[in-house]
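# Descriptive analysis of the structure
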Amino acid sequence: MFLFKIIRKLIAFVFLLIIIIPLYVAGNIWYTAHHLKPAKSDVIVVMGAAQFDGRPSDLLLARLQSAKKIYLDGMAPIIYTVGAGATGDRSTEAAAGYNWLIQNGIPKKYIQAIPKGRDTLESTKAYVAQMKKARFKSVLIVTDSYHCLRAMTMAKDLAVSATCTASETGPGSLANAKYRYLVRESAAY
């Protein structure tokens, strides 16, 4: 009888963990997305997203538009675009972003393309390595609202001070992001 009670309590505890941990993570992601506090930084990083033969996807375009706005607001003196290309691509996410920013009035001397990273972690490692070479210590990440917590956490884990701003338009904005995106980010986190 005693063993049965212990097993029942253990199963109840595991069940609670299975429910509580994902809810806690989802709650943190949701809270972060709704309470972002971007800060002046050494560099703005535009996280990569799909591009089509050098043309930014709607998701990447929204991030680039937000990056341009905060750059012009004086939030950082330089912009990094980051992201590799898929197999067979003639361009990269970083190059698509770099070219769009130049075509939209940002002087190329203030932009650097880092064509590495097919996911958040690889992209973060690539731009943090570049930041450390330049002796930059703080980053303002531009990405989607529900992606901010994971992107900032990875940067902080690599010893960089990080804040985030979410794209104001496009499919990843708070106005357009569905709860499916929140669930996806919760699982990825």
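Presented here is a report on the structure given in the accompanying data block. These numbers come from a predicted model, not from an experiment.

### Some thoughts on the sheet that holds strand β5 (residues 111–114)
Read across the sheet, 5 strands follow the order β5-β4-β1-β6-β7 without closing on themselves; strand pairing throughout is parallel. Edge positions in the sheet fall to β5 and β7 (161–166), since each of these pairs with one other strand and no more. The mean angle between the axes of side-by-side strands here comes to 25°, regardless of whether they run parallel or antiparallel. For strand β6 (residues 138–143) and β7, the ladder comprises 6 bridges, and the chain directions are parallel. For I141, the partnering residue across the bridge sits in β7 and is C164. On the sheet, helix α2 (residues 58–72) packs against β1 (43–46), β4 (79–82), β6 and β7 and is oriented at approximately 170° with respect to β1.

### A word on the state of the cysteines
Scanning the model with the defined rule gives 1 disulfide in all. Between the sulfur of C148 and that of C164 lies a disulfide, 2.1 Å long from S to S. Between C148 and C164 the disulfide shows an S-S torsion of about -60°. By sign, it is left-handed. Placement of the pair is C148 in helix α5 (residues 148–157) and C164 in strand β7, with a sequence separation of 16 residues. Judged by its relative accessible area of 0%, C148 falls in the buried class.

### Let's talk about the pattern of salt bridges
Summed over the entire model, instances satisfying the criterion amount to 7 salt bridges. Its salt-bridge partner being D53, residue R90 comes within 2.4 Å of it at the nearest N-O pair. On the criterion of sequence distance, the pair formed by R90 in the loop between β4 and α3 (93–103) and D53 in the loop between β2 (51–52) and β3 (55–56) is long-range, its members being 37 residues apart. Close ionic contact of D144 with R63 constitutes a salt bridge, the shortest N to O distance being 2.6 Å. With D144 in the loop between β6 and α5 and R63 in helix α2, the pair connects residues that are 81 residues apart, well separated along the chain.

### Quick notes on unusual backbone geometry
Residues apart from glycine generally show negative phi values, whereas peptide bonds are mostly found in trans. Even without a glycine there, the phi angle at D53 is positive, about 55°. In the Ramachandran plot, A159 falls in the positive-phi region, its phi being about 70° despite a non-glycine side chain. Along the polypeptide, A159 turns up in the loop between α5 and β7.

### Here's the deal with α3
For α3, the full list of buried residues reads E93, A94, A96, G97, W100 and L101. Take α3 and look down its axis: the buried residues cluster within an arc of 165°, on one side only. Buried-residue contacts for α3 involve β2, β3, α2, β4 and β5. After α3 finishes, the residue G105 shows a positive phi value of roughly 95°.

### A short note on the side chain of T120
Inspection of the secondary structure puts T120 in helix α4 (residues 120–133). The class for T120 is buried, based on a relative accessible area of 10%. Within the structure, the side chain of T120 is placed 2.8 Å from the side chain of H147, a separation counted as a polar contact. Excluding residues within four positions of it along the chain, T120 makes contact with M47, H147, R150, A151 and M154.

Rules used throughout
Residues numbered from 1 in each chain as written. Predicted model: local features only at pLDDT ≥ 70, side-chain atom pairs only at ≥ 80, totals over all residues. Heavy atoms only, no water. Pairing = 2+ DSSP bridges. Helix = DSSP H or I, 4+ residues; strand = E, 2+ residues; numbered from the N terminus. Axes fitted to C-alpha atoms, helices over the stretch in contact; angles between N-to-C directions. Contact = heavy atoms within 4.5 Å. Disulfide = S-S within 2.5 Å. Buried < 20%, exposed > 50% of the residue type's maximum accessible area, 1.4 Å probe, protein only. Salt bridge = Lys/Arg side-chain N within 4 Å of Asp/Glu carboxyl O. Arc of directions from axis to C-beta. Polar contact = N/O pair within 3.5 Å; in protein donor to acceptor, adjacent residues only side chain to side chain.

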